[in-house]
Each structure stands twice: as structure tokens, then as C-alpha cells.
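Report on the structure
Each chain, letter by letter, is given below.
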Amino acid sequence: MPKSQNINPEEVRKPTFIEFGKIPVNQYNKSIQEERKNFSTEDFTRIYRDMVIIREFETMLNLIKTTNEYNGIAYNHPGPAHLSIGQEASAVGMAYNLGIDDYIFGSHRSHGEILAKGLSAIDKLDEDILYTIMSGYFSGGALKVVEKGFEGNIRDLSVHFLLYGALSEIFARENGFNKGLGGSMHAFFTPFGIYPNNAIVGGSGDISVGAALFKKINRKPGIVVCNIGDASMGCGPVWEGIIFATMDQYKTLWKGAYKGGLPLIFNFMNNLYGMGGQTMGETMGYDILARVGAGVNPEMMHAERVDGYNPLAVIDAFKRKKALLAEKKGPVLLDTLTYRISGHSPSDASSYRSKEEIEAWQKEDSIITFGIELVTAGIKKEEELDEIRQETGKLITHIFKLAVNDDISPRLDLVKDPDSIGKMMFSNGSEDRMEEGTPEVLIPLKDNPRIKSLKNKERFFKDKEGKPASKAKLFQLRDGIFEAVIDRFYKDPTLAAWGEENRDWGGAFAVYRGLTEALPYQRLFNSPISEGAIVGTAIGYGMCGGRVIAEIMYCDFLGRSGDEVFNQLPKWQAMSGNLIRMPVVIRVSVGSKYGAQHSQDWSSLTAHIPGLKVVFPATPYDAKGLMNTALQGTDPVIFFESQRIYDIGEMFHESGVPEGYYEIPFGEPDIKREGDDLTILTIGATLYPAMKVADTLQQTYSISAEVIDARTLVPFNYHPVIESVKKTGRIVLASDASSRGSFLKDMAQTITELAFDYLDAPPVVVGSRNWIIPAYEMEEYFFPQPDWFLDAIHEKIVPLKGHTVKHDFSAEKTILLNKEGV
Ligand SMILES: Cc1ncc(C[n+]2csc(CCOP(=O)(O)OP(=O)(O)O)c2C)c(N)n1
Ligand SMILES: [Mg+2]
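Residues numbered from 1 in each chain as written. Chains lettered and ligands numbered in written order. Predicted model: local features only at pLDDT ≥ 70, side-chain atom pairs only at ≥ 80, totals over all residues. Heavy atoms only, no water.

Re the coordination of the magnesium ion (ligand 2)
Bound to the magnesium ion (ligand 2) on the protein side are Asp 230 (OD), Asn 271 (OD1) and Tyr 273 (O), at distances that span 2.0 to 2.1 Å. Counting the intervening residues between successive donors of the magnesium ion (ligand 2) yields the motif D-x40-N-x1-Y. The same class applies to Asn 271 and to Tyr 273, which are both buried. (Donors = N, O, S within 2.8 Å, 3.2 Å for Na, K, Ca; no water. Buried < 20%, exposed > 50% of the residue type's maximum accessible area, 1.4 Å probe, protein only.)

Here you go:
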């Protein structure tokens, strides 16, 4: 809590009641005649046409999935198709008033939303802009296909482009919006403000909050709509996203233009079911989903249930809510009631609902109902509506033929270039700043109290007389990270940082001390204890074009952000066809002293995930240089820091940690001590016990050890390690991670393959035990200690004369421990 806000016990201890206001439920009641003044005939026609286009598109996919045929054309689509037949009015109503600056995020069932938003954008944009967008997108590949033989205006051509881009994506074709790498559940097209749809239920729940933060922090126009299903209300990321989006501080602490609520609508496309679980009545207790808003903030999130079977009701709601957001009164929660007439997927036998129920909703079908209203009101003739349906059928057939033709719409050629997907895993950019502009700061850098105090620190661990500097005088590892971070804050106007206790407190481990004085709230703020949303919002912020540092206080809490770290952060660059960049640095502090749930090194888990860069510096010089590189890049970086060594001074780079800017390239291991007889490769803080081991080996056994600090896990250049092994013929690999399944094992296996001919003994892994981490007083039995190295070397590599083994590294013991699973 900031000191500026005093919490008065007299106030907060007063007896009172919380009173809830009314949440409107299906309150829209205008007739189409009454709406006549708000919509032209063209507008009404467009609403009808857009719904019909979505219906036909989804019907085509349904037929393909169930009969392998559409209008006489055979096709097999083995991939997913979660259809939204029945939900068209809610999609079209949602998108109707949104422009391209308004971003939508979605779910596995978002074809309808993509098309509705795209059609809405096409309706609003000038033709020359439309043409520029289409011709610039992946060198105009999709445009060339739809343009061939096309007769008509650019707006109509754009509709072809939209349908073709979306369908090609669903069918995994290279002309798809995301080169076929996203597919049905992930397709998106940012030039029309269509942001990622997410196959993880509720996945957009926190990512969209990050997008709204991006708009707010960088003062961008437009709003963000998070389209998610009703069953996602049971998902952690959605709740965390809602809490993150409704923090008081936006209204109480953020200043000037930044003051006020987020421009965000959580739009629950409430079709009343998950897959087969009925939300209202079975898997949730809210009765009416909109009720949830009541508990979140005093504004009750301006929650409302809207009849999503009536496009005009949804349009009306979005218009009103957009106005609220413009007044900075967001975020908003909408419960858009709809019904999925189609199955969850085409293989769904609908065993969980009655035929009568489906028929009852079919009777009220929004397209039929809206059509009748248009005819009754004299706005359209039945023949005209019929013609729209006929024309749409022809259009979808035409697009379908193009998208399934292997010559016209091939897939990525992985024969010609087997590495083409690999090349899209990272953007590998180098950008001083993600946008031009002057970063907002509170004081000049030179006036920063911490910067001033760092001027007097010893930047090497010994002073000029060669005496070890006292802790108080020492430039520490945490200072190295701080210097890189603050430097970037003064360079990149988009850079923002958040996490638990990041402001005022200065970060739990004092890395950020000095930042609070330097930065306004919108650039550095305390988050709720929501590790999922801390990372999820960073993802949304990054994919919209901002750079961000998010912090996970203890590595053990990474589990709480599992989906974000394992499924979202690493995947969106490649799933976008490499259009999206993800300049997101996640700082993760690896603990010690606090036992089993605060001391785990999970660097191996993150290194296993394709699409993440993983860094683990062990010295102040490396920490600063690697953080600079992380913050110059455009890729997601998991930046591990060990609490064991936050205090440590620079012991290797003799000229000390430079005051100025420098980068250390990712992937380059560093030889910290040269030697000829044995290589020790370390990750993270284990460098220091390894250095002690090298001393002992030299002094006691006349073995000269070369110590290499990996510094980065992903990427990693094996050359220097192989060169070392060529010289020494022996290698030990060590880190604080539990050894089973660790990255050390992966490295050991790779080294075996690459350097088999040079090895005199197998690579030996010295990792932590496969246990819970015990109390600090017993940690020495868990984490690798110098004598463990000696025992392992003695037993597995080369006998050390006179050495008595204390820890059993024998083959029998290894087999036994594996057998026992410990
Ligand atoms: C995290 C996660 N759990 C489960 C699933 C499997 N699944 C896919 S869709 C779905 C139901 C989602 O229901 P809802 O959020 O209401 O969206 P709807 O399908 O109704 O549009 C489930 C359980 C998933 N994709 N992701
Ligand atoms: Mg649902």
C-alpha cells in the first residue's frame, strides 16, 4: 500500500452494509421500427448479410466435418472446427460498432467473431486502405488468389480476402492469416483489429487485459473486447484477469491522462454450456452470469445481461458500454446470452441436452427472426433476403474451392525448407525502443538516489588495494540488473514493469529499489497476487507492441502461471506466422532458505518449452549484459536470478562491471576459469561451488579444471564446450535444479553425441536431489556441494588419489534411486 493512502482504522472498522445495485437483464426492448432512425436500410441489410455469411461459413465446415463434402466438392479436414451456428447475432452485434483500433480477443469458438469483426472493418475502411492492407499482408499472397478473375469493387474483394484468409488458416494453408500455423482455434488478423483467439479456455481472460493496459499506458485509441465462453468463468486466468483489470489504483493512484479505468469489455459469449457441462444450473452457481460483476468492484463492472439472439440488442449494449469506456469508467462485464445450435464440435452427439431444447432455440433462430422483422417492418423483401442467402452460398463455395485447391493454396513447404517453422519461433529483433517518443520519467537519471549511490561502489569484488570490498561497498548482482532495467526505462517509452511488490517496496529482493522515485505509476506498478495474470497481461502488452518486464517473485510460483508460460508466451510468435513480436522479459527469482515451496529451480522446465529464451546469469557483469540483451530483443525471455547470489560482487571480469551500456549475446557460455584436465559446466549459482571444486582439484589432486558458466540455457552454443572437452576429455555438469529430467541431462546427452570421440568418460551430472527442498539448515544435503563434485568425479570419471567418498554416486545407487523414483 502506498504511503499516500492512509488506511484509517476508525473508518474501516465502522459497521455498515454493502449494497448492490441492479444488474440489467435483457432490458433492451426497442422495436425495429423504433430503431429505424439509428440504422439505414444498408445497415440493416449488412447486419443480416453478416449473420448469413457466418452461418454459411460454419455450415460449410460442419458439412465438411460430418460428410466430407460441401456443394459437391469433397474435402477432408482432420483438424478442429468449433462452430458457432446459433451465435451469429451475438458476434455481429459485438463487432458492429468496432473499428480497427478496437481489438478483439477470442476463444476456440471464434470463427464468427473473426468474420463479424472483419466485415465490420471492411465496411468502415476506405478502399485504398483496404487494398494497402491486403497487398501488404505476407506480400499479398492471399490477395493474389482472390483477385484473380474477380470483378467488382475493392470492398467486395476485401470480403473475399477475409473469407479466404480465415478459411485457408483453418485448413492450414500458407495463404492463411497466420501461414496456417494458427489454425481454426488461433486464427487472427491484426490489421482489422482481430487479435489472437485461444484454444485454451479462458486464455484470453488475462491476455486481453494486457492489451487494454497497452492502450492505456501508451495512450492508444480504441477499446479491447475479450470474447470468452461462459464456462471460462471457472478458469483462474479469467478471474485473475478480472481482478487485474479492476484494480483501484487506475482510479486512485494513476495520474493525469492515465487516471481511470481500463478500456476493456469482458464479453462472455454465454451459450449456456461448456462442452457438455451446463453452466447455469450445473457447473456454476451464479444463476445469471452477469451477477459475477457485482462482487468485483463498486461499479459492479457495469455488468449486464444482453439478449445475444437479437443483434440490435447487442449493438445497443456495445454502443452504451463503449461510451462508458470513453469516460474511463471501464472495465465492463457483458453476459451476452446466446445458444450454440451446433454441437461443441461436429462429433458432438449432444447427449447432454434434449432435442426439445435445441428445437426451441432453433425456433427463435436469430437470422430467421431478424429476417422476419425486416420484412414485416418493410425494410427488406423476402426475395431480397433470399438473394442474400443465395449469393452467400455461391461466395462461400467459391472461397472454399480456392482454399482446398492444393495448387492455389499450398501448405508451408517443409520439404523445401524443413526449418521454416523453426525460423519463426523467435523474431530475434534488436530494438532500442519499441516506439519512438520520450519516455515519461519523474526525475533525470543522474538524480536517482540509487544511481548516485552506485557511483561509490566497487564494481569489482576487490578494491584498489586488492582487499575484498565490504558488502556495503560492493556493486552487487542486483545492481547489475537494476542498471540495465533503469537504462531501458529511459530509452523505451513503451517499457512498463509490474509484479508483486514492485513499487514502493522496491521488489522483494531490492532489485527495483530506486525505480519508484523514477517512474510514474503506469510504468511501474504493484500487481495483485496473480502470477497467471502477471504473465498473461505481459503477453497481451507485448503482442500489441509494448516492451514489458513482469516479475515472478519465486520460481516456485511459476506453476501458478503455467498456462501463460508454457502455452501462451512461447507460442504466439510462431502461431502468428511470425508477424507478432513478444518483447516480454519475465524475471524469476530462484529462492533458498524458505523450504520446499520457495526454493525450487525450475529453469529446466522453461528450457524444455520451445519458443522461450532462457537465461541464468551468475555474476553482476553477466547479469547486466544479459539483461541489456533481453531488453534490446523482441523475444520472450525467462530471466532467472538466484537469491543466493543477489549480494555477490563481480569476481571474474577484472575491469569490473562497466557503468555504460553493453550487451552479452545470448547463447554464449563463458569460460570462467581455464584448465586442461576436466571441464565443469555450470548453470546459475552453482558456478561458485564449482570454482571451489576447481581449487581443490588443483591443490589436492593436481587436476586442472576448466569452469564454464552456461549463462544461457536457450539458445546455447555448444562449440566452446566441445572445444573444452576436446582438450580435457571429461566433463561434469552442475546446477541447482533437481537432476532427474533436468536441462543438465539434456546437455549431457547432446555433448555425448557431439563429442563422443573426445570423451574419456561419460558426461556426469551433479544436480540437486529429487526431493522436496528441506529447511535452510538441511539445504547442504539437497543442493550440490563441492564434495559431491569430488565424489562424482572419483566414482565416474577418474579416481582421485586418497579420496574417500561420502556421497554414493555408484551405478548401483543410481539404479536404485531411479527404481524408487527419488
Ligand atoms: C484449459 C482448457 N480446459 C479444457 C479444454 C477443453 N474444452 C474446449 S472447449 C471447452 C468448453 C468451453 O466452454 P465455454 O468457455 O463456455 O465456450 P464454448 O465452447 O461454449 O464456446 C472445453 C472444456 C480446453 N480447451 N482448455
Ligand atoms: Mg459456453
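Now that the structure has been shown, we can carry on.
Here we look at the packing of helix α3 (residues 41-67) against helix α12 (residues 311-326)
Taken N-terminus to C-terminus, the directions of α3 and α12 make an angle of 110 degrees; their axes are 11 Å apart at the nearest point. Judged on the interaxial angle alone, α12 and α3 are roughly perpendicular. Viewed along their axes, α3 and α12 form a crossing whose handedness is right-handed. Two secondary-structure elements touch here, α3 through Phe 44, Ile 47 and Met 51 and α12 through Pro 311, Leu 312 and Ile 315. (Axes fitted to C-alpha atoms, helices over the stretch in contact; angles between N-to-C directions. Helix = DSSP H or I, 4+ residues; strand = E, 2+ residues; numbered from the N terminus. Parallel < 35°, antiparallel > 145°, perpendicular 65-115°, else oblique. Left-handed = near helix turned anticlockwise from the far one by under 90°. Contact = heavy atoms within 4.5 Å.)

Digging into the sheet that holds strand β15 (residues 670-673)
Spatially, the five strands line up as an open sheet ordered β15-β17-β16-β19-β20, and their pairing is mixed. Across the chains shown, the open sheet's two edge strands, defined by having one partner strand only, are β15 and β20 (764-768). Averaged over neighbouring strand pairs, the angle between their axes works out to 25 degrees when direction is ignored. Of the strand pairs in this sheet, strand β16 (residues 678-682) and strand β19 (residues 731-738) are connected by four bridges, and their pairing is parallel. Paired with Ile 680 across the two strands is Val 732, which belongs to β19. (Pairing = 2+ DSSP bridges.)

Notes on helix α6 (residues 127-136)
Residues Leu 130, Ile 133 and Met 134 constitute the buried set of α6. The buried residues of α6 occupy an angular sector of 95 degrees when the element is viewed end-on, so they sit on one face. Turned more than 90 degrees from where α6 packs its buried face, Asp 128, Thr 132 and Gly 136 sit exposed. Looking at the buried positions of α6, the neighbouring elements they touch are α5 (111-124), α7 (141-147) and α8 (154-170). Trailing α6 by a residue or two, Phe 138 shows a phi angle of about 45 degrees, which is positive. (Arc of directions from axis to C-beta.)

Concerning the sheet that holds strand β3 (residues 103-106)
As summarised here, the arrangement of the six strands in space is β4-β3-β5-β6-β8-β7, forming an open sheet in which the pairing is parallel. In the strand order of this sheet, the two ends are held by β4 (194-197) and β7 (304-307), each with one partner. Strand after strand, the sheet turns through a mean of 20 degrees between neighbouring axes, direction not considered. As defined by bridge partners, β7 adjoins strand β8 (residues 332-337) across four bridges and the pair is classed as parallel. Looking at the pairing, Asp 307 lines up with Leu 337 of β8. Relative to the sheet, helix α9 (residues 204-217) contacts β3, β4, β5 (224-229) and β6 (264-270), its axis offset from that of β5 by approximately 175 degrees.

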